[in-house]
Amino acid sequence: MGTRLRPPAWCCALLALALVLGDPAAARFVVEKNSLRVTSPAALRGVYECAIGNFGMPQYGGTMHGVVVYPKANGKACKHFADFDLSFKPKPGGLPVFLLVDRGDCYFTTKGWNAQNAGAAAVLVADDKVEPLITMDSPESRGTEHMENITIPSALVTKRFGDDLRKALQNGDMVNVLLDWRESLPHPDERVEYELWTNSNDECGAKCDMQMNFVRSFRGIAQALEKRGYTQFTPHYITWYCPEAFILSKQCKSQCINHGRYCAPDPEQDFSIGYDGKDVVLQNLIQICVFKVANESRKPWMWWDYVHDFAVRCPMKEKKYTRECANDVIKSLGLEFEKVNKCIGDPEADKENPVLKAEQDAQIGHGSRGDVTILPTLVVNNRQYRGKLEKSSVLKAVCSGFEETTEPDICLREDIETNECLEHNGGCWLDKATNVSACKDTFRGRVCECPVVNGVKFVGDGYTHCEASGLGRCQINNGGCWKETRNGKTVSACSNEEAKGCKCPTGFKGDGVNSCEDVDECKENLFCKCKNCACENTWGSYECSCGGSNMLYIREHDTCISKHSTSSVGWGFLWVIFFGLALAGAGAYAVYKYRLRSYMDSEIRAIMAQYMPLESQEMPNQHRPVEHADI
C-alpha cells in the first residue's frame, strides 16, 4: 500500500485534466531514484536502481554502507519486531543493517517505522509485482501517526531484485550494499535554485502540520542563504480547474475563483462547514503576489516572514483565515500593499488570472522534472526532492545541489556532514612542518586540491606533491627549499624572483631542496690565483690576502696591487680630471660669451633698422622718381 495526497474524487478528474494542459505527451510523474551498489556476493555484484521513498530522511549528497538482513518472521514488517523478539541493532564494530521487507498488507510508513524501532539503519521494500518502480508516499489520513518520526531512509526495489536478494540470503551469503545519493540531485554550479510547492491551507492534517513546521524551522536558514546569494528560492501553489460542464455546480462555485478556472479542495472536505476551496485559492494567490512584490523590491526572503506570520495570526481554526487578516500582515511587514492588490486582480472576473495561469503551467513537468502532483513537494535544481520535509534533511538536499567546493559554510557543519580531511588528511598532500594541506572538505566528501595560503598559490597534483609558486612563496616554509643559519648569517635556496624551484646560492652546491653544501673555493682553485696570494675558505665564500702589508687584493680582478702606487696613481689621476674639467669649463664659457654677443648685435641692428635705414637697405615706402615722357 501507499498513497499520494490528493483532493476529493470530483477534484481528481480536474487534476487529471489540468495536467494535460498543453502537450498531453509531456505530462508525467517522475520517480526519483538513487543507486544501490551490491559489493558482495560476486553473483549479485553491480549497480541497481531503487526509488526514494517520500518519507524518512534520504542522505542526499552522501552514502551509506550496510549489510542486508531479511527477517525470519514478520516479513512484511506490519507488526512490531519486538513481538517476535527480533532486533536489528548492529553489534559494536558491525555494519549497519538494511532491513529487506516485502510490500503489502500495511502502509509503507508503517514498515519504515517498525524497521526503525527494531534498530535498522534503512529499509528496502521489495515490490510484490513486476512493474516499473513507483514512489512510496505517506498516507493521507490513517497511518500518519508515524510519518513525522521516521528518520531512516527508505527505498523500493523491483520484485526481481528483491527475489535475488532473498535467495542469496537463504543460501547463507553475506549481502553487502552501498546506498548512494550523491548524484540524486544535479549540482552544476555555485548557486542552488529550489522551489517549494505548498498550500496556504492549515487544516489538511499531518501534511499541513509538516509544511508549517518546516517553514517555521527553515525560515532563518533560507533567508540567510538567499541574502548571501547562495540560493534562489521560488514558492509555487497547485490549483485545478473546473470542467466547463460543471462551472455552475455548487461544487465549482464554492471551490473555484475566476468562474471555475482556479480551484482547490474544500479544507474540511465538507461543503457545508468551515472555509471553502475558493478561500484557499485566494490565499494562495495572495502569497504568490507577496513573493512577486517582495522579489521586485529585491527582498524575496520576506515571503518566509509573511507565510510564518499569516499562519500564526490568521489560522482557520480561529476563523481568521480571511483577506482582511492577510492585509494586516502585509501592512505590518511594510510590503507595498497597492502592488500586492494589483497583482491579485479580481477573483470574480470571468477571465484568466495571469499569475495563477502561470502556476498551472508550471505544474507540468519540464526537462528532468516531472509533474508536481504531491503536496508538499520540494524541487532542487529542477529535480523533485523525496523524503521528509524537515530542516536538516532539506538542508542536506540543498547543500548537495552546489558544485563541489562552492557550498556555504553551513553545509560543512558537523551535524550536516562528516569532515573526511580529519582522518589521514583524506589521503591528500600535507606539509607537516607548516600544517598546510591539499585536503578540502566538501559536502559530498573531499577534494585534493593544492591550496592558496596568504595569497601564495601552491601547484601540484594535490595527492603527492604541492609546491608554493609565485611572489611571496619563500615566506611559506621557505618555498620548500633548503635554508640554514650560521653565526647569524642565513642562507636560502629559495628566491622570490623565481616562480618555482630551489637553487643553491653562489658559494654552495646541491639540489637546493634537501641540502646545499659549501663550495671550497680554495681547494678547487677557483679564485685567489694571483702570485703570493693566500686563500682561506669561509661558509659560502672565501677570503684572499696578498703577501706583504703594502699589497691590496682586488676581488673583481683577482689581483694584488700596491697600496702606495695605487694612492699616487690615484692622486695624479684626480689632478688630471680636475684640470680637464677646468679647461672644459673655460671653453664652454668662451662659447657662451661669443653666442651672447652675436645675439645682442643682431637685436641692436634690427631695432636701429626701424628708425634709421642702413645704407644697404631701402625705406619701406620709398619709390624711385617717375620719369615723364616728352610731350
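Placed above this text is the structure.
For clarity, every value in this text was computed on a predicted model and none was experimentally measured. (Residues numbered from 1 in each chain as written. Predicted model: local features only at pLDDT ≥ 70, side-chain atom pairs only at ≥ 80, totals over all residues. Heavy atoms only, no water.)

**Student:** Describe the pairing of strand β25 (residues 533-538), naming the residues involved and giving the relevant values.
**Tutor:** Strand direction decides the pairing type here: β25 and strand β26 (residues 541-546), joined by six bridges, are antiparallel. Across the sheet, Cys533 pairs through a bridge with Cys546, a residue of β26. Following β25, the chain reverses through two residues before pairing antiparallel with β26; Gly540 in that reversal takes a positive phi of roughly 90°. (Pairing = 2+ DSSP bridges. Helix = DSSP H or I, 4+ residues; strand = E, 2+ residues; numbered from the N terminus.)

**Student:** Explain the sheet that holds strand β19 (residues 456-460) to me, using residue names and the numbers behind them.
**Tutor:** Spatial ordering of the open sheet is given by β18-β19-β20, a layout of three strands whose pairing is antiparallel. One side of each edge strand has no neighbouring strand; the edge strands of this open sheet are β18 (452-453) and β20 (466-469). Here β19 runs beside β20; their pairing, made up of four bridges, is antiparallel. Along β20, the bridge assignment pairs Phe458 with Ala468.

**Student:** Kindly report on the pattern of salt bridges, identifying the contributing residues and their values.
**Tutor:** A full pass over the atoms with the stated rule returns 19 salt bridges. A salt bridge links Lys159 to Asp163; its shortest N-O distance comes to 3.1 Å. Within this pair, Lys159 and its partner Asp163 are both found in helix α3 (residues 159-170), separated by four residues, close to a single helical turn. Among the residues examined, Lys159 registers a relative accessible area of 28% and is labelled partly exposed. With a relative accessible area of 28%, Asp163 lands in the partly exposed category. Note that Glu524 is salt-bridged to Lys509, the shortest N-O span being 3.7 Å. Remark: Lys509 occurs in strand β23 (residues 508-509) and Glu524 occurs in the loop between β24 (517-518) and β25; sequence separation between them is 15 residues. Assessed through its relative accessible area of 39%, Glu524 is described here as partly exposed. Of the residues examined, Lys509 reaches a relative accessible area of 43% and is grouped as partly exposed. Salt bridges sharing common partners tie together Asp102, Lys159, Asp163 and Arg166. (Salt bridge = Lys/Arg side-chain N within 4 Å of Asp/Glu carboxyl O. Buried < 20%, exposed > 50% of the residue type's maximum accessible area, 1.4 Å probe, protein only.)

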